[in-house]
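Chain and residue survey
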Amino acid sequence: MAKKYSWPERGTASLIGKPHDRIDGMAKATGVAKYTYDVAPERMLLARVLGCPHAHCKIKSIDLSGAEKVPGVVKAMAMKVEGNEVRWEGDPIAAVAGESEAAVAEGLKAIKVEYEALDIFVKDEDLAAAEAAKRTGKPAKNTQLEKEAPDDADEEKFADEEIARLLKESDVVVEGHYGIDVITHMCLEPHGATCQWDGDKLNAYLSTQNVSGTAGQFATPLGLTAGDVTVICDFIGGGFGSKFQVDNFNVTAAKIAKEVGRPVKLMLDRDIELKTAGCRPSGYINVKIGADKNGVVKVWDSEHWGTFGATLGGVDQGVIPYVFNPKNRRRRAIPIITNASPSRAWRAPNHPQGSAMTQVAYDDIAGKLGLDSYDVFLRNLPTVSNEKQEIYKAEMEIAAKLMDWKAKWHAHGKGPAKGSVVSGLGMAIHTWGGGGQPSNTNITIHPDGAVEATLGSQDLGTGTRTVIALVTAETFGLPLSAVKVNIGSSKYPPSAASGGSVTIASVSESTRRAAQDALRQVNDLVAKKLGVEADTLVAKDGKISVEGDAKKSLSWKDACSLLGMMPLEVKGEFKRRDDQGLSSSQVGGVQMAEVEVDKDTGVVRMRKFVMVQDMGLVINPKTAKSQMYGAAIMGISYALFEQRIMDPTTGVFLNAEIADYKLPRLGDIGEIVVEIYEPDSEYNRGVVGLGEPPVISPGATISNAVCNALGVRVPVLPLTPKRVLDALAKARKV
Amino acid sequence: MAIENLHTLPDAEAGQASCRHLRSKGMFITGCANPAVEDGQVGDGHCWCNLTQHVLGPDDDFVERRICTSGRSCFVATI
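What you see as residue numbers is a count from 1 along each chain, following the sequence as written. Numbering of ligands from 1 and lettering of chains from A proceed in the order in which they are written. Totals for whole chains, interfaces and linings use every residue, but because this is a predicted model, local features are given only for residues with pLDDT of at least 70 and side-chain atom pairs only at 80 or more, for both listing and counting. Hydrogens are left out, water is left out, and the side-chain values use all remaining heavy atoms of the structure.

Residues and elements named next belong to chain A. A pair of Phe, Tyr and Trp rings is counted when the ring centres sit within 6.5 Å of each other, with Trp represented by its six-membered ring. The angle between the planes then sorts it: under 30 degrees is stacked, over 60 is edge-to-face, the rest tilted. The final tally for this structure, using the stated rule, is 10 aromatic pairs over all chains. Ring plane angle 45 degrees and centroid distance 5.7 Å describe the contact between Tyr 35 and Phe 235, whose orientation is recorded as tilted. Highlighted residues: Tyr 35 in the loop between α1 (25–30) and β1 (45–51) and Phe 235 in the loop between β12 (229–232) and α7 (248–260), separated in sequence by 200 residues. Among the aromatic residues, ring-to-ring pairing joins Trp 300, Phe 324, Tyr 362 and Phe 377 into one connected group. In this scheme, Lys NZ or Arg CZ marks a charge over a ring once it lies within 6 Å of the ring centre and within 35 degrees of the ring normal. The cationic tip of Arg 465 hangs over the ring face of Phe 235; the distance from NZ or CZ to the ring centre is 4.4 Å. A run of DSSP states H or I qualifies as a helix once it reaches four residues; a run of E qualifies as a strand once it reaches two. Both are numbered from the N-terminal end.

Have a look at this one:
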């Protein structure tokens, strides 16, 4: 065993911390990499599902007989039974498998279903309507005040009076309404699987961010044990939080495959994908905040609501207000139930909404006082909830330089105009946990010097293979190309699902541990051969040598030949809170945006977007920056374009197609500048992760920039041209 | 439970065990059966049933920590 697990001291690493291309980049770029959608075993059938056309109904009858008469259809299978209640449009009712796409499409059309329509509610932004329709859940309340209520006081009455007093004594009060609409998951590769039986054992090629956790999810509904199922996901075309579960349509694909004795591929059509495979909850807020003349918030009082869709929930009150934590605050959260598909985790659950609903209010304080937003954010840093005040301050300074903030700044609505076009700056800050979760890695060293790292992880876009190879190669003093990485099978040692920004910390932990333990065993053999103490040996440049005496050394291959005839296999295990300094949690970040807004058309154009982000020790800055670029684009997308549009009468999702669900094009993105903040204090914390954090702030950042340009708040995201024009028209009437 | 009755849902009783088949994102990240207790941040509140792989359980009712408890017909206790 290694004496102590550690990372190389700063400045001594050969590979870690330097930019590297993805080791699977060429395979992905050339089509050699096989995604779930590409898997096509011989004699495979194609399958699709029939989604319910109604947002709320009862199934009176299902008749599949017509489908199975369609030439080319091999099997139709019901997924609902008579009497079932369907709570949202697109929920799968039946599946059809056939020889071709055309046959399956005809088969789906031939299914006859009788429905009994039920009442519909989808207006999640309208709290009064939700209350009238009895679609609100029990409110969650949380009040924290600096002044304690007397023992005999009515606490609610005391809070009312205390908050009223604090607001009255404030130099400035902002009363605002803000919000952020539901957006849906839009993975390039939709949800689905190809299921192939081998006797009584199932091989499931599943698009998943949870390789180690999905075999059991297939097994239970199929009456198998987890050991009878192998889940394989070599490459995934996006997950973002929506692909942790197996889903009933994939289980149905496995059932059909078993029944017909042929492999079945069932991937969701885009419209069903958007209607049923997960979305991000909405959030709307009414808030009153009081601040002093410097913009420091003294009291926060808010009520927010939103929907998880057809299940109960909403944005957690713990993120209200976001990052900032004034000493006097009262939050009330109300969940709303709608006839829309249930939400699933969407990259940083709760945080983008918390940010977009509250850091805009802080910016409105700056606007009302005529102060620089930068100064107001800076002055409120002493109230941040995560003890990262100094980190934020340093990141703000870097971001401001990259944006040239001080030179470009003007008070809200007071900038020069070029015709109808005005420009503005905005900023926001964010936080996230991340860190390592349980993970196991097997390191295999072969007597010929070959090295393999094997674990049941997945690459959700994090560059997982590359990071595992880097950690392994660094430990053994080998080039990156010397390490083979095996991930993507549930038969490999279990590793955490990719969610919560934990993947890189988790796999780095278990891999470094395994590699250091394995190296110790190799070093013992080399020490004996060279007649030296094992503690004096270092692995570097393809050799194991006595530190400071390169003459006493063996090449890596010669060292591995000492293993004899059989490979050495060492398991590295990381359990949560097993802290030896390889990973930690909690990161921060600062973002700034520069926009142009055309007051005649309402169109917002991104000019520049700056992101400064800490993430602990950075294994591969190139893939880390890649994640940040992706987050910026995703953030610009939900700030300006993405929006689920529902028909309030029928509950139908009106823009559930890739052509109608608007995403940005390259020309909509502008210049993106990313900067990793990694001083010694961050490096020494170990690996944390950054999948989520950089996607949190864009909504508030861009909204604040638009407000700075116009001098008018566009209250709800996305900031569509219509909403911009509506906000300007409303301001003119006041 | 009909959709219009969800607003009457009571708070979960402290320490009340959830069904063995309850699943959520946080469970697969932390490895814990109850990630709400262990670490709230990685979860998102979205739950599903391991038996149905859907947000509706075998009884066609919602899967939710506060409902998937011992009073429900499809409830299976965790050892």
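Picking up after the structure, the text goes on.
Residues and elements named next belong to chain A. Note on placement: Val 483 falls in strand β22 (residues 483–486). Burial classification: accessible surface area is computed with a 1.4 Å probe over protein chains only, and a residue below 20% of its type maximum counts as buried, one above 50% as exposed, and the rest as partly exposed. Among the residues examined, Val 483 registers a relative accessible area of 8% and is labelled buried. C-alpha of Val 483 to C-alpha of Gly 239: the two residues are 244 residues apart in sequence and 27 Å apart in space. By definition, residues are in contact when any of their heavy atoms lie within 4.5 Å. Residue contacts for Val 483: discarding those within four places in its chain leaves Val 451, Ala 469, Thr 472 and Ala 473.

As a further point, take the confidence of the model for chain B. Residue and element names in this part refer to chain B. pLDDT: the predictor's confidence for each residue, scored from 0 to 100. On average, residues of chain B score 78 in pLDDT, and 66% of them reach the 70 mark or higher. Confidence, expressed as mean pLDDT per element, reaches its minimum in chain B at helix α2 (residues 35–38) with 51 and its maximum at strand β2 (residues 47–49) with 94. Scored by ipTM, the complex comes to 0.93, with pTM at 0.96.

Okay, the pattern of salt bridges next. All names here are of chain A. Throughout this description, the term salt bridge denotes a Lys or Arg side-chain nitrogen within 4 Å of a carboxyl oxygen of Asp or Glu. Enumeration according to the criterion identifies 44 salt bridges over all chains in this entry. Glu 85 is the salt-bridge partner of Arg 87, the closest N and O atoms lying 3.7 Å from each other. Pair check on accessibility: Arg 87 and Glu 85 agree, each one buried. Note that Arg 330 and Asp 160 form a salt bridge whose closest N and O atoms lie 2.6 Å from each other. Placement of the pair is Arg 330 in strand β17 (residues 328–337) and Asp 160 in helix α5 (residues 155–169), with a sequence separation of 170 residues. Judged by its relative accessible area of 42%, Asp 160 falls in the partly exposed class.

Below, the discussion takes up the interface of chain B and chain A. Listed per partner, the contact involves 34 residues of chain B and 51 residues of chain A. In this assembly, chain B and chain A are joined by 2 salt bridges. For B:Asp60, the salt bridge is made with A:Arg87, and the minimal N-O distance between the two is 3.8 Å. Contacts described as polar in this section are N or O atom pairs within 3.5 Å, which, within protein, must combine one atom able to donate a hydrogen with one able to accept it, while residues neighboring in sequence count only if both atoms come from side chains. Our enumeration of links across chain B and chain A arrives at 13 residue pairs in polar contact (both at pLDDT 80 or more). In terms of residues, the side of chain B that touches chain A owes the most to one element, helix α1 (residues 25–30) of chain B, which gives 4 residues. When residues are sorted by character, Ala, Val, Leu, Ile, Met, Phe, Trp, Tyr, Cys and Pro go into the nonpolar class, Asp, Glu, Lys and Arg into the charged class, and all the rest, Gly among them, into the polar class. For the side of chain B that touches chain A, a count of residues per class yields 13 nonpolar, 11 polar and 10 charged.

This part takes up the packing of helix α9 (residues 351–369) of chain A against helix α18 (residues 698–710) of chain A. Helix-helix packing: each pair is described by the crossing angle between the helix axes and the interaxial distance. Residue and element names in this part refer to chain A. Orientation of α9 relative to α18, taken along the N-to-C sense of each, is 35 degrees, at an axis distance of 8 Å. The two elements α9 and α18 meet at a crossing, and its hand is right-handed. Only Ala 700, Ser 703, Asn 704 and Cys 707 of α18 make contact with α9, whose side of the interface consists of Ser 355, Ala 356, Gln 359, Val 360, Asp 363 and Asp 364. Here the residues of the contact of α9 with α18 sort into 4 nonpolar, 4 polar and 2 charged. Comment: axis = line fitted to C-alpha atoms, over the contacting stretch for helices; angle = value between 0 and 180 degrees taken between N-to-C directions. Handedness of a crossing follows from how the near helix is turned relative to the far one, being left-handed for an anticlockwise turn of less than a right angle and right-handed for a clockwise one.

All names here are of chain A. Two elements, strand β21 (residues 451–454) and β22, share 4 bridges in a ladder whose sense is parallel. What sits directly across from Glu 452, in β22, is Lys 484. Between the parallel elements β21 and β22, the chain passes through helix α13 (residues 464–476) in a crossover that is right-handed. Note on pairing: DSSP must find at least two bridges between two strands before they are called paired. The path from the first strand over the helix to the second decides the hand: if it runs clockwise while the strands point away from the viewer, the crossover is right-handed.

Disulfides are defined in this document as cysteine sulfur pairs within 2.5 Å. In the structure shown here, the tally under the stated rule is 0 disulfides over all chains. Take B:Cys32: it sits in no disulfide, and the sulfur closest to it among the cysteines is that of B:Cys47, at 15 Å.

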